[in-house]
Amino acid sequence: MHFAGLDGYRAVAALMVVLTHVAFSTGVVVTQGTWGHLLGRLDFGVPLFFLMSGFLVYRPWVRRAFDGTTRPSLRRYAIRRAARLADGIFANAPAEKFVEQVGWMLDECERIGRDPSSFRFVHYSILLPGPSREEALARYRDPLWAMQWKYSDMEASATRSLPPPAAPAFDRPMDALVQGRATFAGPPGALVEALLDIRRQAGVPVEFVARSHLPLLEYHAQVDLMGRLAEGVAPYV
C-alpha cells in the first residue's frame, strides 16, 4: 500500500540509515567526537522504518474493524509480499487453494511489473502410489494418520512432558486422511494426472516436491515408496 503522507518520512529514514552506515564504516563515530556520536545514532532510521511498516501493514485491519467489514486475508497479503520480495513460493495447500495463491502472485507480479518467469512455483504434496486409491490409503493409513495427528497436537504438546504419546487409533472415514492438505493416492498414472492438472490450472511451470518421510513407515517401505514415485511419477511431470 502506498501512503503519500509518509513519503517524506521514508526519505528521511533512508538518508539516516545511509549516513549511519557511512559513519560506522569510515570510523567517523569514534574519531569525530560529538558529531560522530550523533551520526552513529542515526540508526534510529531503522526503527522508524519498522514503525511506518507496522502502520501500513496494520492500517487495512483497523479500517475494516471500524467499517465493520470482513478483515483482509493474511494469507493473501503474505503471498503478495512474496511476489515482491521472494524468489518463489513453496506451498502444500490443496490444489484449488494453491491455484488461487498462484493467481494472487501473478496479479501482484503484473501490478509491480515483475516477470513471472523470474519466480518459482513449487507445490509440495504427499503422493501415495497403489493399485487403487482405496488400497493406497489403506496401506499408508497409520503413518499418514500419525503425521496428521502430530500437526494437530502441536499446541497441546508444547506443555506436555516427554515422552510424546502415540497417535490415537484412527476411527474416521478414509477420506479424512486427505483433507486439509495436498494428498493424492492411487495408481502412478492417476498421481501424474493430478499433478499435471495442477500445472494446467495454475498456468505456470509448477515444480513438484513429494514428501520424502512418513513417521512410523518402516525403512524398506519408505524406500519402496520413493522407488515407485521415482519410476512411475517423476519422469512424467
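Structural data are supplied above this passage.
The shown structure was predicted, so the numbers you read here are calculated from the model rather than taken from an experiment. (Residues numbered from 1 in each chain as written. Predicted model: local features only at pLDDT ≥ 70, side-chain atom pairs only at ≥ 80, totals over all residues. Heavy atoms only, no water.)

### Focus on the overall build of the chain
For step 1, the next point in the chain: Broken down by element type, the chain carries eleven helices and four strands.
For step 2, the next point in the chain: Over its C-alpha atoms the chain spans a radius of gyration of 25 Å, topping by over 25% the 18 Å that the globule rule assigns to 237 residues.
For step 3, the next point in the chain: When the backbone C-alpha atoms are referred to their principal axes, the chain occupies close to 75 × 45 × 45 Å.
For step 4, the next point in the chain: Relative to its full complement of 237 residues, the chain shows a buried share of 35%. (Helix = DSSP H or I, 4+ residues; strand = E, 2+ residues; numbered from the N terminus. Rg over C-alpha atoms; globule rule 2.2 N^0.38 Å. Buried < 20%, exposed > 50% of the residue type's maximum accessible area, 1.4 Å probe, protein only.)

### A look at the nonpolar core
For step 1, the next point in the chain: Within the largest apolar cluster, 45 residues are counted, with the highest numbers of intra-cluster contacts made by Phe98, Met105, Phe121, Leu128 and Phe184.
For step 2, the next point in the chain: Residue contacts for Met105: discarding those within four places in its chain leaves Ile79, Ala82, Ala83, Ile89, Phe119 and Phe121.
For step 3, the next point in the chain: Ala13, Leu48, Met52 and Leu56 belong to the second-largest nonpolar core, a separate cluster that totals five residues. (Core = buried A, V, L, I, M, F, W, Y, C linked by side-chain atoms within 4.5 Å. Contact = heavy atoms within 4.5 Å.)

### Notes on the packing of aromatic side chains
For step 1, the next point in the chain: In the structure shown here, the tally under the stated rule is four aromatic pairs.
For step 2, the next point in the chain: Just above the ring of Tyr151 sits the side chain of Lys150; from NZ or CZ to the centre is 4.8 Å. (Phe/Tyr/Trp six-rings, centres within 6.5 Å; stacked < 30°, edge-to-face > 60°. Lys NZ or Arg CZ within 6 Å of the ring centre and 35° of its normal.)

### Comments concerning the packing of helix H6 (residues 95–112) against helix H10 (residues 188–202)
For step 1, the next point in the chain: Here H6 crosses H10 at 30°, and the two axes come no closer than 9 Å. With respect to each other, H6 and H10 are oriented roughly parallel. Judged by the sense of rotation from one axis to the other, the crossing of H6 with H10 is right-handed. Every residue of H10 that contacts H6 at Ala95, Phe98, Val99, Val102 and Leu106 is listed here: Ile198, Gln201 and Ala202. (Axes fitted to C-alpha atoms, helices over the stretch in contact; angles between N-to-C directions. Parallel < 35°, antiparallel > 145°, perpendicular 65-115°, else oblique. Left-handed = near helix turned anticlockwise from the far one by under 90°.)

### Let's talk about the pattern of salt bridges
For step 1, the next point in the chain: Throughout the structure, instances matching the rule amount to 14 salt bridges.
For step 2, the next point in the chain: Across the pair Glu108 and Arg111 runs a salt bridge whose closest N-O atoms are separated by 3.0 Å. You can see Glu108 and its partner Arg111 sitting in helix H6, three residues apart, about one turn around the helix.
For step 3, the next point in the chain: Taking the relative accessible area as the measure of exposure, Arg111 reaches 56% and is therefore exposed.
For step 4, the next point in the chain: Of the charged contacts, one joins Glu207 and Arg120 as a salt bridge, the two residues approaching to 2.7 Å between their closest N and O atoms. One end of the pair, Glu207, is in strand E4 (residues 207–210); the other, Arg120, is in strand E2 (residues 120–129), and 87 residues separate them in sequence.
For step 5, the next point in the chain: You can call Glu207 partly exposed: its relative accessible area is 30%.
For step 6, the next point in the chain: Several salt bridges converge on common partners, so that one network encompasses Arg80, Arg84, Asp107, Glu108 and Arg111. (Salt bridge = Lys/Arg side-chain N within 4 Å of Asp/Glu carboxyl O.)

### Things to note about the packing of helix H1 (residues 7–26) against helix H4 (residues 45–67)
For step 1, the next point in the chain: Across the interface, H1 lies against H4 with an axial gap of 8 Å and an inter-helix angle of 150°. Compared by their axis directions, H1 and H4 come out roughly antiparallel. Classified by chirality, the crossing of H4 by H1 is left-handed. Two secondary-structure elements touch here, H1 through Tyr9, Arg10, Ala13, Ala14, Met16 and Val17 and H4 through Gly45, Val46, Leu48, Phe49 and Met52.
For step 2, the next point in the chain: Its residues assigned to classes, the contact of H1 with H4 shows nine nonpolar, one polar and one charged. (Nonpolar A, V, L, I, M, F, W, Y, C, P; charged D, E, K, R; others polar.)

### Looking at H10
For step 1, the next point in the chain: In this model H10 runs 21 Å from its N-terminal to its C-terminal C-alpha over 15 residues, within 8% of the 21 Å that 1.5 Å per residue would give.
For step 2, the next point in the chain: Within the span of H10, buried status applies to Leu191, Val192, Ala194, Leu195, Ile198 and Ala202. Along the long axis of H10, the arc covered by the buried residues comes to 160°, so they all point the same way.
For step 3, the next point in the chain: The secondary structure elements touched by the buried residues of H10 are H6, E2, strand E3 (183–186), E4 and helix H11 (219–232).
For step 4, the next point in the chain: Positive backbone phi, approximately 75°, marks Gly203, located one or two places after H10. (Expected span 1.5 Å × (residues − 1). Arc of directions from axis to C-beta.)

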